[in-house]
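Per-entry structural report
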Amino acid sequence: MPVINRIADLGDRMTEWRRWLHRHPELEFDLPQTSAFVAERLREIGVDEIHEGIAQSGIVALIKGRAPGPVVGLRADMDALPITEETGADYASETEGKMHACGHDGHTTMLLGAAAYLAETRNFAGIVALIFQPAEEEGGGGEVMVREGVMDRFKIARVFAIHNAPGLPFGHFYTTPGPYMASVDTAWVTVRGKGGHGATPQDCIDPIVAITGMVNALQTVVARNVGAGDELVISVTQIHVGSASNIIPEEGWFCATIRAFDPAIRDLAEGRFRDIVSGLAAAHGVEIEITYERGYPPTVNDADEAEFAATVAEEIAGTGRVERRAAREMGAEDFSYMLETRPGAYLFMGTGEGHGLHHPRYDFNDEAAPMGASFLARLAERALPIG
């Protein structure tokens, strides 16, 4: 596979960077060590400008090419997850309860590797904006960066990102035009009845019966309210109710995640959720409180930019190793906010066998970093050709 030679030479250095980041995981917007490390590497690399403190801990760095031209954005996420690591690696997390279980340490390293190459060669016309983003996992750092004006402030015309994919063949790339990842909404429902002795249910208003009815009925939305070709997921992920075998509780609550690609289906799901829960509450004589939170929107690739990115990926991966119409993912991504403001594309890159994302024994494959960095660097060069 044609990894750029100069980036291949950086392989050991990139491994050192990645493993430092892995040992020092931080969450959401609170990334002081991570941001300082990235900024220091950018200064060593010799980028032209470093803008810190965006969305609290985000960074945008600029590399200017050999001639004037537009600005292309390349984004990497930096935050970790609240998971206790079980890899046993000698570079494992040094912070109890936090680990890089999604490979954002690898994404940051890949963008730093691309930056080192681009700052040295500058074989492009225009400017490459390196976007190091906080709070992808929780908090919507992508939305905050957009809201703080990074796209307009740095005149970014197109924007791209990749994500590692353990379990998929090493060095293969995957993308698709249009919606690629789903929107994600979260609903919490509190159900209040009348508690009492388990031996006298006739004197109670049982929230458990109401909750189980609601949970079962919500599954009919996918089965009966949307077409077979439409994609929607409603998963109840938590139920909390009760404290003893002989007590009917006063109240309980449940939580659900709702995911869709089509805004109309997203709206339908919310409407049916509220109708079903309210109707069953009335039927069971319980009181309810619904909190329905709209989260990340769908991640929608521009068709032309997805095709462009796939063509560049094929330069790095080789013929037959790029899937241009990959299956859509029900996971969600806050890169979606950047794609709402600018054309661009999001891709997955296979990293071979290993534990899945968000698993306590997951670890980013360091051999994949030069390939990802080569793709990002070549993407910038092809998007900003000289002459």
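Details of the structure are given in the entry above.
On a predicted model such as this, the values are computed, not experimentally measured, just so you know.

1. A look at the overall build of the protein chain
Within the protein chain one finds 11 helices and 16 strands. Here the C-alpha radius of gyration of the protein chain, 24 Å, is about what a compact globule of 387 residues would show, namely 21 Å. Across its three principal axes, the protein chain shows a C-alpha extent of roughly 80 × 45 × 40 Å. By sequence separation, contacts in the protein chain at least 24 residues apart represent 81% of the contacts at least 6 residues apart. Here the protein chain displays about 15,700 Å² of accessible surface, and carbon together with sulfur accounts for 48% of that area. Here the protein chain contributes 32 positive and 56 negative side-chain charges, whose respective centroids are spaced 5 Å apart.

2. Digging into the sheet that holds strand β10 (residues 232-241)
Reading across from one edge, β10-β12-β8-β13 is the order of the four strands in this open sheet, with antiparallel pairing throughout. Since the sheet does not close on itself, it has two edges, and those belong to β10 and β13 (287-294), each with one partner. Averaged over all pairs of adjacent strands, the angle between their axes in this sheet comes to 15°, without regard to strand direction. Relative to β13, strand β8 (residues 183-192) is paired through eight bridges, and the arrangement is antiparallel. Paired with Trp188 across the two strands is Thr291, which belongs to β13. In the packing of helix α7 (residues 207-225) onto the sheet, the strands contacted are β8, β10, β12 (251-260) and β13, and the crossing angle to β10 comes to about 170°. Strands β8, β10, β12 and β13 of the sheet are contacted by helix α8 (residues 263-284), whose axis makes an angle of about 170° with β13.

3. Comments concerning α8
The end-to-end C-alpha distance of α8, which contains 22 residues, comes to 32 Å, matching closely the 32 Å that a straight helix rising 1.5 Å per residue would cover. Of the residues making up α8, those classed as buried are Ile265, Arg266, Ala269, Glu270, Phe273, Ile276, Val277 and Ala281. All buried residues of α8 fall inside an arc of 145° around its axis, so they share one side. Of the residues in α8, the exposed ones pointing more than 90 degrees away from the buried face are Ala282 and Ala283.

4. Description of the layout of surface pockets
In this structure, the largest pocket occupies an estimated 870 Å³ of space. Taken together, 40 residues form the lining of the largest pocket, with Glu136, Glu137, Arg259, Tyr296 and Ala332 sitting closest to its centre.

5. As for the sheet that holds strand β6 (residues 173-174)
Strands sit in the order β1-β2-β4-β3-β5-β16-β6-β15 across an open sheet of eight strands; the sheet is mixed. Across the chains shown, the open sheet's two edge strands, defined by having one partner strand only, are β1 (49-54) and β15 (322-323). The pairing of strand β2 (residues 58-64) with strand β4 (residues 125-133) spans six bridges and is classified as antiparallel. Bridge pairing in β4 links Ile59 to Phe132.

6. Some points on the packing of aromatic side chains
Using the criterion set out here, one finds eight aromatic pairs in the structure. Taking 5.9 Å as the distance between ring centres and 80° as the angle between the ring planes, the aromatic pair formed by Tyr296 and Tyr337 counts as edge-to-face. Highlighted residues: Tyr296 in the loop between β13 and β14 (299-301) and Tyr337 in helix α10 (residues 336-341), separated in sequence by 41 residues. There is no split in this pair, since Tyr296 and Tyr337 are both buried. Taken together, Tyr180, Phe335, Tyr346 and Phe348 form an aromatic cluster joined through their ring pairs. Over the ring of Phe37 we find Arg41; its NZ or CZ atom is 4.5 Å from the centre of that ring. If you follow Arg328 out to its NZ or CZ, it ends over the ring of Phe261, 4.3 Å from the centre.

7. Some words on empty space enclosed by the protein
Taken as a whole and assessed by the stated rule, the structure comprises one cavity of 30 Å³ or more. Approximately 30 Å³ is the volume found for the largest cavity. If you trace the largest cavity, you find it lined by Arg75, Ala76, His107, Met110, Ala161, Ile162 and Leu376. When contributions to the lining of the largest cavity are tallied by element, the ones reaching two or more residues are β3 (67-77), α4 (104-121) and β5 (156-165). Class assignment of the residues belonging to the lining of the largest cavity gives a composition of five nonpolar, one polar and one charged.

8. Re helix α3 (residues 32-45)
Over its 14 residues, α3 extends 20 Å from the first C-alpha to the last, a length consistent with the 20 Å expected when each residue adds 1.5 Å. Taken as a whole, α3 has its buried residues at Thr34, Ser35, Phe37, Val38, Ala39, Arg41, Leu42 and Ile45. Against α2 (11-23), β1, β2, α4 and β4 lie the buried residues of α3.

9. Here's the deal with the side chain of His104
Note on placement: His104 falls in helix α4. With a relative accessible area of 1%, His104 lands in the buried category. Contact partners of His104, with chain neighbours within four places excluded, come to Asp77, Met78, Asp79, Glu136, Glu137 and His163.

10. Observations concerning the side chain of Glu85
Relative to the helices and strands, Glu85 is located in the loop between β3 and α4. Among buried Asp, Glu, Lys and Arg side chains, Glu85 stands out as unpaired, with Arg18 the closest opposite charge at 7.1 Å. Excluding anything up to four places from it in sequence, Glu85 contacts His22, Ala92, Ser93, Met99 and Pro360.

11. Some points on the pairing of β3
Across a regular strand the side chains alternate sides, sitting on one face of the sheet and then on the other. Here eight bridges tie β3 to β4, and the two strands are oriented parallel to one another. Within β4, the residue paired with Gly73 across the bridge is Ala129. In the classification by handedness, the crossover that spans β3, the intervening α4 and the parallel β4 is right-handed. Strand direction decides the pairing type here: β3 and β5, joined by five bridges, are parallel. Paired with Leu74 across the bridge in β5 is Phe160.

Calculation notes
Residues numbered from 1 in each chain as written. Predicted model: local features only at pLDDT ≥ 70, side-chain atom pairs only at ≥ 80, totals over all residues. Heavy atoms only, no water. Helix = DSSP H or I, 4+ residues; strand = E, 2+ residues; numbered from the N terminus. Rg over C-alpha atoms; globule rule 2.2 N^0.38 Å. Contact = heavy atoms within 4.5 Å. Areas by Shrake-Rupley, 256 points an atom, 1.4 Å probe, with all protein chains shown as cover. Lys, Arg positive; Asp, Glu negative; His and termini not counted. Charge placed at Lys NZ, Arg CZ, Asp CG, Glu CD. Pairing = 2+ DSSP bridges. Axes fitted to C-alpha atoms, helices over the stretch in contact; angles between N-to-C directions. Expected span 1.5 Å × (residues − 1). Buried < 20%, exposed > 50% of the residue type's maximum accessible area, 1.4 Å probe, protein only. Arc of directions from axis to C-beta. 1 Å grid on protein atoms, 1.4 Å probe; cavity = no way out; pocket = protein on both sides within 12 Å on 5 of 7 lines; lining within 4 Å. Points joined across faces, edges and corners; volume = space filled by probe spheres on them. Phe/Tyr/Trp six-rings, centres within 6.5 Å; stacked < 30°, edge-to-face > 60°. Lys NZ or Arg CZ within 6 Å of the ring centre and 35° of its normal. Nonpolar A, V, L, I, M, F, W, Y, C, P; charged D, E, K, R; others polar. Salt bridge = Lys/Arg side-chain N within 4 Å of Asp/Glu carboxyl O. Right-handed = clockwise from strand over helix to strand, strands pointing away.

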